Amino acid sequence: MRAGEVRKSKPRLYPFPGQVLWQNHNTTAAQTVNFSIIGDCHVGYSNSLSIFKSILPKAVRPGSTRFVIFGGDNKHGSKGAQADSDYQAFKDAVTSELGTSIPYKASIGNWEDDTREQFRKYLNPVLGMMNFPGTGGRVKYVWLDNAPGKFSYDSISLLKSLSANYYYIIDCHWPLRVNGITVDSSHVLSTEETGHFFRSIPVSVRDKVLGIFTHHAHTFFENTSTIYTGFAETRFYVCGCSGAYNCRCNRSSCGRGYYQASLTLQGNQVTLSKVTPGKM
C-alpha cells in the first residue's frame, strides 16, 4: 500500500452477533378452526333430551368452537303436535348452549323424513351449502338429504355444481358404503347409491373434499385412507349417537357422545385434523 492511501475494508459476508441477514416475511401463520359433530339425538324418546343436554356443554369448547354439525334424527319418530314439541325442545336446548355466536346446521334423518315441513320450520332447509364459519370462504359446508336411504335429486344436483375453487366438508345422515366400513350393513347406503354420490362430485373437486361426516348407525367408524377411487385426500366418519335410542354398545363404550375436529388453514392449503371422540 502506498503512502497516504487509506486501506479499504472488504465487504463483510457474515453477520454481526444478533444480526439477521435475511428473513422471509411471506410466511403465513396457521389458523385453526375448531368444530363439533353431534349425531342422532332422538329428542322425544325416553330420556334422550336430558342426555343431549348433558352432552352439549361438553361438546362446545368455550371461546373456541366455531361451528356445530347435527347429523340428523335430531328428534325421534313423533308427528303432529308432538313433533312440534320435540323439534322445539331440540332447538331450545341448542340455542341455550350455543346462543347466537356459534352457528350450526342440522341434517335431516330417517326419523324426520315424514315431518319435513316442521324440520324446515324449526331448524333449516333439508340441504344446502354455506361458508364454513371461520374459514374466510375458503371452505364450504354442504349438508345433504338422504333421509329415506337415498339421495334426493336436489342433493345430487348440488354435488354436481361444486367448484374446485373451494374446499369442502360434507354431511349426510346415512353412511356411505366406503372401503373397509364395518358398521351394521342395514344402516349403510347401497353400493349403487354410494357410487351415485361419489360420481356426482366433479373430478376437479375430489381432492378438495376434506371430510365426509355421516351418522345413523349409532356407533363410531373412521377411514382416513382411500375411501373410494379418486378420493385419496378425503376422511370419512360415522359419528355415534347422543341420545337414549339404540346406542351400539360394546365392553368399552356405547358409541354415545360427541366428536371434535379442527380445520387448519395455512396459505392456500386447508387440512382436516383427526376427529376425536369427546369424553363423556
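S.K.: Even after reading the chapter, I still don't get the overall build of the protein, so can you show me in this structure?
M.R.: For the protein, the helix and strand inventory stands at 5 helices and 12 strands. Scored against the burial criterion, the 280 residues of the protein give a buried share of 49%. Pairs at least 24 residues apart make up 70% of the contacts formed inside the protein by residues separated by at least 6 positions. Of the roughly 13800 Å² that the protein leaves accessible, carbon and sulfur atoms contribute 50%.

S.K.: What should I look at first to understand the packing of aromatic side chains in this one?
M.R.: How two aromatic rings sit relative to each other is set out by the distance from centre to centre and by the angle between their planes. For the coordinates displayed, the defined rule picks out 23 aromatic pairs. Each ring, one from Phe67 and one from Tyr141, has its centre 5.0 Å from the other, and the planes form 70 degrees; the classification is edge-to-face. Taken together, the residues span a long stretch of sequence, with Phe67 in strand 2 (residues 65-70) and Tyr141 in strand 5 (residues 139-143) at a distance of 74 residues. Both residues of the pair, Phe67 and Tyr141, belong to the buried class. Clustering of aromatic rings is evident, with ring pairs tying together Phe35, Phe67, Phe132, Tyr141, Trp143, Phe213, Phe220, Tyr237 and Tyr259.

S.K.: I tried to follow the packing of helix 4 (residues 153-160) against helix 5 (residues 191-200) on my own but got confused; where do I start?
M.R.: Helix-helix packing is described using two parameters, namely the angle between the two axes and the distance between the axes. Running from N to C, helix 4 and helix 5 cross one another at 35 degrees; their axes reach a closest spacing of 8 Å. Where helix 4 approaches helix 5, its residues Ile156, Leu159 and Lys160 are matched on the opposing element by His196, Phe197 and Ser200. Class assignment of the residues belonging to the contact of helix 4 with helix 5 gives a composition of 3 nonpolar, 2 polar and 1 charged.

S.K.: Sorry if this is basic, but what is going on with the state of the cysteines here?
M.R.: Two cysteines form a disulfide when their sulfur atoms are joined by a covalent bond. Scanning the model with the defined rule gives 0 disulfides in all. Here Cys41 stays unpaired: no disulfide links it, and the sulfur of Cys241, its closest cysteine neighbor, is 9.5 Å away.

S.K.: What should I look at first to understand the nonpolar core in this one?
M.R.: Nonpolar side chains tend toward joint burial in soluble globular proteins. Among the nonpolar cores identified, the biggest contains 56 residues, and Phe52, Phe70, Ile170 and Phe197 are the most heavily contacted of them. Among residues more than four places away in sequence, those in contact with Phe70 are Ile38, Cys41, Phe52, Leu56, Phe90, Val94, Leu98, Tyr104, Lys105, Ala106, Ser107 and Asp171. Within the second largest apolar cluster, 22 residues are counted, among which are Ile37, Tyr167, Leu210 and Leu265.

S.K.: What's the story with the sheet that holds strand 4 (residues 128-131) in this structure? I'm lost.
M.R.: Working definition: the strands of a sheet are paired by backbone hydrogen bonds and lie parallel or antiparallel to each other. Pairing is mixed in the open sheet, where 6 strands are placed in the order 4-5-6-7-9-8. With partners counted over all chains shown, the strands left at the sheet margins are strand 4 and strand 8 (221-223), one partner each. Averaged over neighbouring strand pairs, the angle between their axes works out to 15 degrees when direction is ignored. Two elements, strand 6 (residues 167-171) and strand 7 (residues 209-214), share 4 bridges in a ladder whose sense is parallel. Bridge pairing in strand 7 links Ile169 to Gly211.

S.K.: For this particular structure, what's the right way to read the environment of Ser186?
M.R.: Examined against the element boundaries, Ser186 turns out to sit in the loop between strand 6 and helix 5. For the pair Ser186 and Ala217, spaced 31 residues apart in the sequence, the C-alpha separation amounts to 8.7 Å. At 2.9 Å, the side chain of Ser186 forms a polar contact with the side chain of Asp184. Here the side chain of Ser186 touches His187 through a polar contact of 3.0 Å, side chain to side chain.

S.K.: Looking at this structure, how should I read unusual backbone geometry?
M.R.: Even without being a glycine, Ser46 presents a positive backbone phi close to 50 degrees. Mapped onto the secondary structure, Ser46 falls in the loop between strand 1 (31-38) and helix 1 (48-59). Backbone geometry places His218, a non-glycine residue, at a positive phi of 60 degrees. Within the secondary structure, His218 sits in the loop between strand 7 and strand 8.

The rules behind each value
- Residues numbered from 1 in each chain as written.
- Predicted model: local features only at pLDDT ≥ 70, side-chain atom pairs only at ≥ 80, totals over all residues.
- Heavy atoms only, no water.
- Helix = DSSP H or I, 4+ residues; strand = E, 2+ residues; numbered from the N terminus.
- Buried < 20%, exposed > 50% of the residue type's maximum accessible area, 1.4 Å probe, protein only.
- Contact = heavy atoms within 4.5 Å.
- Areas by Shrake-Rupley, 256 points an atom, 1.4 Å probe, with all protein chains shown as cover.
- Phe/Tyr/Trp six-rings, centres within 6.5 Å; stacked < 30°, edge-to-face > 60°.
- Axes fitted to C-alpha atoms, helices over the stretch in contact; angles between N-to-C directions.
- Nonpolar A, V, L, I, M, F, W, Y, C, P; charged D, E, K, R; others polar.
- Disulfide = S-S within 2.5 Å.
- Core = buried A, V, L, I, M, F, W, Y, C linked by side-chain atoms within 4.5 Å.
- Pairing = 2+ DSSP bridges.
- Polar contact = N/O pair within 3.5 Å; in protein donor to acceptor, adjacent residues only side chain to side chain.

Geometry only, nothing functional implied.
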